[in-house]
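# Survey of secondary and tertiary structure
The residues making up each chain are set out below.
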Amino acid sequence: MLRGAALRVTRPRVAVLNAVHAHPHADTDSIIGAVRRELPKVSHQAVYNSLHALTAAGLVRRIQPAGSVARYESRAGDNHHHVVCRSCGLVADVDCAVGEAPCLTASDDNGFSIDEAEVVYWGQCPACSTADNS
């Protein structure tokens, strides 16, 4: 994947890419923890640099729901959306509701050439809903 994106293959980049694939919607601290299990001496900066390079290359997607820290996922380029639990912060993927990326057709694009839409649904995950009803 790295070579296909014209990126140099380094141990930190491979470890970060593996961590993002293994932990969807993980925040930076969680990714650093996962990478350090594989590369104990990796620096914070090496992880940040890797995340930046992977995001810029389109191999990783950075999301940041309102009120949340940045999170990273390997599902990039398909214009999917997210649902976020207001109680525990759990994030899950949500495909476009109808057809292929209908949200890219805005009611008024104001002259913009739209290539991505970001929709975030908010609510409570099943575990938090059950806990509230107990």
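Refer to the structure presented above.
The paragraphs below set out a description of the structure included in this document. (Residues numbered from 1 in each chain as written. Predicted model: local features only at pLDDT ≥ 70, side-chain atom pairs only at ≥ 80, totals over all residues. Heavy atoms only, no water.)

## Focus on the pairing of strand β4 (residues 81-85)
The buried fraction of β4 is high, at four of five residues. Examined bridge by bridge, β4 and strand β5 (residues 91-94) share four bridges and lie antiparallel to one another. Paired with Val84 across the two strands is Val91, which belongs to β5. Hairpin connection of β4 to β5: five residues between the antiparallel strands, including Gly89 at a positive phi of 85°. (Buried < 20%, exposed > 50% of the residue type's maximum accessible area, 1.4 Å probe, protein only. Helix = DSSP H or I, 4+ residues; strand = E, 2+ residues; numbered from the N terminus. Pairing = 2+ DSSP bridges.)

## Topic: the pattern of salt bridges
A full pass over the atoms with the stated rule returns four salt bridges. Among the ionic pairs, Arg61 bridges to Glu73, the shortest N-O distance being 3.6 Å. Here Arg61 is found in strand β2 (residues 61-63), whereas its partner Glu73 is found in strand β3 (residues 71-73), with 12 residues between them in sequence. Arg75 is paired through a salt bridge with Asp95; the nearest N and O atoms lie 2.2 Å apart. With Arg75 in the loop between β3 and β4 and Asp95 in the loop between β5 and β6 (120-123), this pair connects stretches of sequence that are 20 residues apart. (Salt bridge = Lys/Arg side-chain N within 4 Å of Asp/Glu carboxyl O.)

## Regarding helix α3 (residues 44-56)
If you check α3, its first and last C-alpha atoms are 18 Å apart, about what 13 residues at 1.5 Å a residue would give, namely 18 Å. The complete set of buried residues in α3 reads Val47, Ser50, Leu51, Ala53 and Leu54. Projected onto a plane normal to the axis of α3, the buried residues spread over an arc of 165° and lie on a single side. Opposite the buried face of α3, at more than 90 degrees from it, the exposed residues are His52 and Ala56. Those residues of α3 hidden inside the fold are in contact with α1 (11-22), α2 (28-38) and β3. Just beyond α3, the residue with positive phi is Gly58, at close to 80°. (Expected span 1.5 Å × (residues − 1). Arc of directions from axis to C-beta. Contact = heavy atoms within 4.5 Å.)

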